[in-house]
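Each chain is listed here by its residues.
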Amino acid sequence: MTPAPVATRSVTDGTRRRDAALRDDATDPGPGVDIVVPVHDAERTLVASIDRLRTYLEREFPIPWTVTIVDNASTDATWLLA
């Protein structure tokens, strides 16, 4: 049995832009954190959860961050909201 494809989407990028950092070392803020949020049929809770995570990261997290949502073959509207 072949596993269902997993779709990914990067939804927000904290205080850095990776493409800019690659072009100019002076703009590179240094290492950051990649946060991966796996979801499955999460259309009812996804937006509120990601908003809560983003608010925390923007207020409290001292280093650059990227949040990536990984949809694991949801059958609801999760992918449209991600």
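Structure first, text after, so check above.
Notes on the structure follow. (Residues numbered from 1 in each chain as written. Predicted model: local features only at pLDDT ≥ 70, side-chain atom pairs only at ≥ 80, totals over all residues. Heavy atoms only, no water.)

Focus on the overall build of the protein
Using the following cut-off: Secondary structure counts use DSSP, requiring at least four H or I residues in a row for a helix and at least two E residues in a row for a strand, with both numbered from the N terminus. We call a residue buried when its accessible area falls under 20% of the maximum for its residue type, exposed when it is over 50%, and partly exposed in between, using a 1.4 Å probe and counting protein chains only. Whether two residues touch is decided by their heavy atoms; if any such pair falls within 4.5 Å, the residues are in contact. Each accessible area value is a Shrake-Rupley result obtained with a 1.4 Å probe; residue values ignore everything except the protein chains displayed when judging cover.
The helix and strand tally for the protein stands at three helices and three strands. Start at the N end of the protein and walk to the C end: the helices and strands fall as β-α-β-α-β-α. Across the 82 residues of the protein, 23% fall into the buried class. Put simply, of all contacts in the protein between residues at least 6 apart along the chain, 78% involve residues at least 24 apart. Looking at the protein as shown, the accessible area adds up to about 5900 Å², and 54% of this sits on carbon and sulfur atoms.

Comments concerning unusual backbone geometry
Comment: phi is negative for the bulk of residues other than glycine, and the bulk of peptide bonds are trans. Backbone geometry at Asp41 places phi at a positive 50°, although glycine is not the residue there. Examined against the element boundaries, Asp41 turns out to sit in the loop between strand S2 (33-39) and helix H2 (46-60). Classification of Asp41 as partly exposed rests on a relative accessible area of 34%.

A closer look at the environment of Val47
In this structure, Val47 sits in helix H2. On the basis of relative accessibility, which here comes to 41%, the residue Val47 falls in the partly exposed class. The spatial distance from the C-alpha of Val47 to the C-alpha of Thr78 is 9.3 Å, given a sequence separation of 31 residues.

Description of the side chain of Ser74
Quick reminder of the rule: Whenever two N or O atoms come within 3.5 Å, that pair is a polar contact, provided that in protein one can donate a hydrogen and the other can accept it, and provided that, for residues adjacent in sequence, both atoms are side-chain atoms.
Turning to its location among the elements, Ser74 is positioned in the loop between strand S3 (65-71) and helix H3 (78-81). Engagement of the side chain of Ser74 in a polar contact is seen with the backbone nitrogen of Asp41, the distance being 2.7 Å.

Side note on the pairing of S2
Where we set the bar: One bridge is not enough; two strands pair if DSSP finds at least two bridges between them. Classification remark: right-handed applies to a crossover when, strands pointing away from the viewer, the course from the first strand over the helix to the second runs clockwise.
Where S2 and S3 come together, seven bridges link them in parallel fashion. Considered in S3, the bridge of Ile35 is made with Val67. The handedness of the S2 to S3 crossover, carried by H2, is right-handed.

A word on the environment of Val33
Within the fold, Val33 resides in strand S2. In sequence terms Val33 and Pro64 are 31 residues apart; their C-alpha atoms lie 6.4 Å from each other. Once residues within four sequence positions are removed from consideration, Val33 is found in contact with Phe61, Ile63, Pro64, Trp65 and Thr66.

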